[in-house]
Amino acid sequence: QVQIVESGGGLVQPGGSLRLSCAASGSSISIYRMGWYRQAPGKQRELVARITSGGNTNYADSAKGRFTISRDNAKNTVSLQMNSLKPEDTAVYYCNVRVVVGGADYWGQGTQVTVSS
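Note that this is a predicted model, so its numbers are computed, not measured.

Colleague: Explain the overall build of the protein chain here, please?
Modeller: Helix and strand counts for the protein chain come out as zero helices and eleven strands. The order of α-helices and β-strands along the protein chain, N terminus first, is β-β-β-β-β-β-β-β-β-β-β. Since a compact globule built from 117 residues should have a radius of gyration of about 13 Å, the 14 Å found for the protein chain is in line with a globular shape. With the C-alpha coordinates aligned to their principal axes, the bounding extent of the protein chain is approximately 45 × 25 × 20 Å.

In structure tokens, the structure reads:
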């Protein structure tokens, strides 16, 4: 079993920045990929950014140039630096962890990001 703890959400004005952090823990876990997804009211959950243990990254088009994902493999943590935030970035952000054995996905409880003046 994998436990996931997220932090860093909040209220920010348009053009501002936020940093989300996620830590995964569990007995003898081996993580393949960590990432962030988001879900706005009335919309489906969507990928924001993700990163493999080898450092390969994927970004949603809406995140490219504004968001940066980083990972510490030794600590099983992933962070998302979000700059130039827009009102349309408002959503609940979820940390996702995919483990090596079996390829199972685990999700955090979500953290609210609100971009508003």
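Colleague: How should I be thinking about the nonpolar core in this particular structure?
Modeller: Across soluble globular proteins, you tend to see nonpolar side chains buried next to one another. Residues Trp36, Leu80, Met82 and Tyr93 are the most contacted members of the largest nonpolar core, which totals 28 residues. Those elements giving two or more residues to this core turn out to be β3 (18-25), β4 (31-39), β5 (46-52), β7 (67-72), β8 (77-82), β9 (91-99) and β11 (111-115). Discounting residues that sit within four places of it in the chain, tyrosine 93 has contacts with Glu6, Leu20, Trp36, Tyr37, Arg38, Val48, Phe67, Met82, Gly110, Thr111 and Val113.

Colleague: Please explain the pairing of β3 as it appears in this structure.
Modeller: In the case of a regular strand, side chains alternate between the two sheet surfaces. Side chains of β3 alternate between two faces, with Leu18, Leu20, Cys22 and Ala24 buried and Arg19, Ser21, Ala23 and Ser25 left unburied. Bridging between strand β1 (residues 3-7) and β3 involves five bridges; their strand directions are antiparallel. Bridging across to β3, glutamine 3 finds its partner in serine 25. Where β3 lies against β8, six bridges are found, and the strand directions are antiparallel. Bridge pairing links arginine 19 to glutamine 81 in β8.

What counts as what
Residues numbered from 1 in each chain as written. Predicted model: local features only at pLDDT ≥ 70, side-chain atom pairs only at ≥ 80, totals over all residues. Heavy atoms only, no water. Helix = DSSP H or I, 4+ residues; strand = E, 2+ residues; numbered from the N terminus. Rg over C-alpha atoms; globule rule 2.2 N^0.38 Å. Core = buried A, V, L, I, M, F, W, Y, C linked by side-chain atoms within 4.5 Å. Buried < 20%, exposed > 50% of the residue type's maximum accessible area, 1.4 Å probe, protein only. Contact = heavy atoms within 4.5 Å. Pairing = 2+ DSSP bridges.

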